[in-house]
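Inside the fold
Residues per chain are reported as follows:
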Amino acid sequence: MSARQVQGVVVSDKGNKTIVVLIERRYRHPLLKKIVRRSKKYHAHDEDNIAKIGDVVKIEECVPKSRKKTWNMISKIS
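Residues numbered from 1 in each chain as written. Predicted model: local features only at pLDDT ≥ 70, side-chain atom pairs only at ≥ 80, totals over all residues. Heavy atoms only, no water.

Some words on the sheet that holds strand E5 (residues 71-76)
- Overall, mixed pairing links the five strands, which are arranged E1-E2-E3-E5-E4 in a closed barrel. Each neighbouring strand pair of the sheet contributes to a mean axis angle of 50°, computed without reference to strand direction.
- As paired elements, strand E3 (residues 35-45) and E5 share two bridges and run parallel to each other. Counted as the bridge partner of Ala-44 is Trp-71 from E5. (Pairing = 2+ DSSP bridges. Helix = DSSP H or I, 4+ residues; strand = E, 2+ residues; numbered from the N terminus. Axes fitted to C-alpha atoms, helices over the stretch in contact; angles between N-to-C directions.)

As structure tokens, then:
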């Protein structure tokens, strides 16, 4: 089974080797039949500190690296 991969925007890079990525998903509400936006923030490990605020990155689920970090940054898209 492969690890889950998602794409999002970096909203914080203040931590050393840590970034906070905002993932936004859209889905159709089952009762209202309306498109609803939901977002969630994930802490991800950035080994080389290359991601900056506003960058679009791809992250992948991994084994826990700390209490909050369970994601790895794979690549910087823009």
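We are not done yet, so read on.
So, the packing of aromatic side chains
- All chains considered together, the criterion is met by one aromatic pair.
- Between Tyr-42 and Trp-71 the ring centres are 4.9 Å apart and the planes differ by 50°, which places this aromatic pair in the tilted class. Remark: Trp-71 occurs in strand E5 and Tyr-42 occurs in strand E3; sequence separation between them is 29 residues. Pair check on accessibility: Tyr-42 and Trp-71 agree, each one buried. (Phe/Tyr/Trp six-rings, centres within 6.5 Å; stacked < 30°, edge-to-face > 60°. Buried < 20%, exposed > 50% of the residue type's maximum accessible area, 1.4 Å probe, protein only.)

Description of the side chain of Asp-55
- Looking at the secondary structure, you find Asp-55 in the loop between E3 and strand E4 (56-61).
- For Asp-55, a relative accessible area of 12% corresponds to the buried category.
- Aside from chain neighbours lying at most four places away, what touches Asp-55 is Gly-8, Val-9, Val-10, Ile-50, Lys-76 and Ser-78. (Contact = heavy atoms within 4.5 Å.)

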